[in-house]
Amino acid sequence: MSRLGALDIAAAVAQRRTSAEALIGETLQRIGQVDTQINAFTAVFADQALAHARRLDADIAAGRPVGPLAGVPFAVKNLYDVEGLTTLAGSIIRRDAPPASADAPLVARLRAAGAVLIGALNMDEFAYGFVTENHHYGPTRNPHDPTRISGGSSGGSAAAVAAAMVPLSLGSDTNGSIRVPAALCGIFGLKPTFGRLNRTGVYPFVDSLDHAGPFARSVEDIAAVYDVLNGEGAPVAPTLEALADRPLRIGALGGWFVQGAFPEVLESFERVVHALGAEPGVLAPGAEAARSAAFCLSAYEGARLHDADIRARPQDYDPAVRDRLLAGALLTDDVPAMAQRYRRVFQAQMRGLFADYDILLAPTVPCLAPVIGQPTMNLDGQEVSVRQTLGLYTQPISFVGLPVLAAPVDRPGQLPVGVQIIAPAWREDLALAVGLRLQRQGVVAHPPERFA
């Protein structure tokens, strides 16, 4: 059952072809076998998950209604509140914090839909990073090559899905923290429009940039979980079939968004562009400045959020995170105001592009997954920081809050490469429809089975 998607599992449980309890038991067994190699989980809720599964089975047997994701196992980045669990956010500073008194609303919505919470997932400390080489809990390893990073900061969320330990997970994305690990692990990740999904009960990093969103191994699954998470408005999944065949004007971003990319990345991107008949070389002037402004906002807001703790307990921070927070503390109060002014400028520029295109495409990351512990890489003939460069193509897009589906390009037996399918604000449905079109064409696909 480990390779089944969320919708397949829900159908099997609802039709009593398997029991939720048996499915969750298999899931827990697989996590026990696989996670020793991956290190995606920081906590596993075996007893609670089995108890929930038994309740679902009893409801189904009695003919009582169950939700659309009944029996589907899922896990969450450990910055989501889970009732009775201390929300660590990848830190040791929060170990002494009181347990959460309630689930975060997004966790509660999945549970109400019948999905079964299995555990909490590893991440970069306080979501400040792109590598998930957590100083306290160890690195999360890439299921395609355990010597390499999973990406971050939602690395545990991506790796758990890519390694088929769970079919669904939740992460967060401030500067690319859903899209980067989705690309490096070869799965789908959805960063919705800024403000679309409820962030209550999700430990903050940069309030003006934080997004919450899901991971899955198929477009249909990610659309289904997005419907549940959204909770309001027209559902997305039923519209996918019609939208997938609708003529769309698609442009492929060039300039900044292909600068320095590895040959494998460019080759995969060109394949997607060709498959969709996209217009190549579309320019988004100001992307470099948008990325710089996003860096400034992240550093400034992150430093202010952690000011008291970093003064009192600097030794308890991951050194790499501490250094970035201390640097952010040096920024003056006029910096975020200037960054926000430029945000409005770049938003207007992107709206101008969407007057001509329904969808824009870009690579997700410029490189293949680096090796764990690798400090630098060669990009376009220059030695650059791995940690600072992985968000090269994602930061300008999250800076203006546009919805993006990160989709894996099919590369059997090779390290994954991803593409960003970028839609206008509030049009997640268009991004999902284009992802479905690519999936049907075989251009994007599920990751290969590695841990059977």
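Above this note sits the structure.
Figured I'd write up the structure that's included with this text. By convention here, each chain's residues receive numbers from 1 onward along its written sequence. Local features in this predicted model are restricted to residues whose pLDDT is 70 or higher, and side-chain atom pairs enter the listing and the counts only when it is 80 or higher, whereas totals over whole chains, interfaces and linings include all residues. Each side-chain value is derived from all of the structure's non-hydrogen atoms; neither hydrogens nor water enter the calculation.

Side note on helix α1 (residues 6-14)
Exposure is judged per residue with a 1.4 Å probe applied to protein chains only, and the accessible area is read against the type maximum: over 50% gives exposed, under 20% gives buried, and values in between give partly exposed. A run of H or I in DSSP counts as a helix once it spans at least four residues, and a run of E counts as a strand once it spans at least two, with each numbered from the N terminus. By the burial criterion, the buried members of α1 are A6, I9, A10, A12 and V13. Looking straight down α1, one finds its buried side chains confined to an arc of 165°; they lie on one side. Every residue pair with non-hydrogen atoms within 4.5 Å of one another is taken to be in contact. Looking at the buried residues of α1, the elements they touch are α2 (20-38), α3 (46-61), β2 (73-77), β8 (168-173) and α7 (219-230). One or two steps after α1, the chain reaches R16, where phi turns positive at roughly 60°. The arc in question is formed by the directions pointing from the helix axis toward the C-beta atoms.

Section: the packing of helix α10 (residues 287-305) against helix α12 (residues 319-329)
Axis lines are fitted through C-alpha atoms, for helices just across the contact stretch, and the angle between N-to-C directions can take any value from 0 to 180 degrees. Running from amino to carboxyl end, α10 crosses α12 at an angle of 100°, the nearest separation of the two axes being 7 Å. As judged from the angle between their axes, α10 and α12 are roughly perpendicular. Of α12, the residues touching α10 (which contributes A299, Y300, G302, A303 and R304) are L325, G328 and A329. Polar here means any residue outside two lists: the nonpolar Ala, Val, Leu, Ile, Met, Phe, Trp, Tyr, Cys and Pro, and the charged Asp, Glu, Lys and Arg; Gly therefore counts as polar. Within the contact of α10 with α12, the residues separate by chemical class into five nonpolar, two polar and one charged. Roughly parallel here means an angle under 35 degrees, roughly antiparallel means over 145, roughly perpendicular means 65 to 115, and every remaining angle is called oblique.

Digging into the packing of α7 against helix α16 (residues 428-441)
Orientation of α7 relative to α16, taken along the N-to-C sense of each, is 160°, at an axis distance of 9 Å. In terms of orientation, α7 and α16 fall into the roughly antiparallel class. For the pair α7 and α16, the crossing hand works out as left-handed. Contacts between α7 and α16 involve V219, E220, I222, A223 and Y226 from the former and E428, L432, G435, L436 and Q439 from the latter. Residues of the contact of α7 with α16, tallied by class, amount to six nonpolar, two polar and two charged. Crossing handedness: left-handed means the near helix sits turned counterclockwise from the far one by under a right angle, and right-handed means the same turn made clockwise.

Some points on the pattern of salt bridges
Any carboxyl oxygen of Asp or Glu within 4 Å of a side-chain nitrogen of Lys or Arg constitutes a salt bridge here. On inspection of all chains with the given rule, the structure shows twelve salt bridges. A salt bridge links D173 to R179; its shortest N-O distance comes to 2.9 Å. For R179, a relative accessible area of 0% puts it in the buried group. A salt bridge links R199 to D207; the nearest nitrogen and oxygen atoms lie 3.2 Å apart. Exposure remark for R199: the relative accessible area of 24% places this residue in the partly exposed category.

A few points about α7
A turn of α-helix holds 3.6 residues, and therefore any two residues three or four places apart point the same way. Expected span of a helix, by definition, is 1.5 Å for each gap between consecutive residues, and there is one gap fewer than residues. The terminal C-alpha atoms of α7, which comprises twelve residues, lie 16 Å apart, in line with the 16 Å expected from a rise of 1.5 Å per residue. Burial within α7 is extensive, with ten of its twelve residues counted as buried. Of all the positions in α7, only V219, D221, I222, A223, A224, V225, Y226, V228, L229 and N230 are classed as buried. Count one or two residues on from α7 and you reach G231, which has phi positive near 75°.

Structural notes on the pairing of strand β14 (residues 376-379)
Going residue by residue along β14, you find M377 and L379 tucked away on one face and T376 and N378 left uncovered on the opposite face. Note: two strands are recorded as paired if DSSP finds a minimum of 2 bridges between them. Of the pairings in the sheet, the one linking β14 to strand β15 (residues 382-385) comprises four bridges and is antiparallel in character. Along β15, the bridge assignment pairs T376 with S385. The antiparallel pairing of β14 with β15 creates a hairpin that spans two residues between the two strands, and D380 there sits at a positive phi of about 55°.

Some points on the packing of aromatic side chains
Classification of ring pairs uses Phe, Tyr and Trp, with its six-membered ring standing for Trp, and accepts pairs whose centres are within 6.5 Å; under 30 degrees between planes counts as stacked, over 60 as edge-to-face, and the remaining range as tilted. Under the counting rule described, the total for this entry stands at four aromatic pairs. Look at F126 and Y203: their rings are 5.7 Å apart centre to centre, the planes differ by 35°, and that puts the pair in the tilted class. Taken together, the residues F126 in the loop between β3 (116-121) and β4 (133-134) and Y203 in the loop between β9 (188-191) and β10 (211-216) connect sequence positions 77 residues apart. Pair check on accessibility: F126 and Y203 agree, each one buried. On the numbers, 5.8 Å between centres and 40° between planes, the contact of F126 with Y317 is tilted. Of this pair, F126 sits in the loop between β3 and β4 while Y317 sits in the loop between α11 (307-312) and α12, and the two are 191 residues apart along the sequence. We note that F126, like Y317, is buried. An aromatic cluster is defined as three or more aromatic residues linked by ring pairs; in this entry it consists of F126, Y203 and Y317. Across from the ring centre of Y128, 4.7 Å away, lies the NZ or CZ of R324, which sits over that ring. Only lysine NZ and arginine CZ atoms are considered, and such an atom sits over a ring when it is within 6 Å of the ring centre and within 35 degrees of the ring normal.

Points about the sheet that holds strand β12 (residues 279-282)
With respect to topology, eleven strands assemble into an open sheet ordered β1-β3-β2-β8-β10-β9-β16-β17-β13-β11-β12, the strand pairing being mixed. With partners counted over all chains shown, the strands left at the sheet margins are β1 (41-44) and β12, one partner each. Strand-to-strand twist across the sheet, computed as the mean angle between neighbouring axes with direction ignored, equals 30°. Contacts between α2 and the sheet are confined to β1, β2 and β3, with β3 contributing the most and set at about 15° to the helix.

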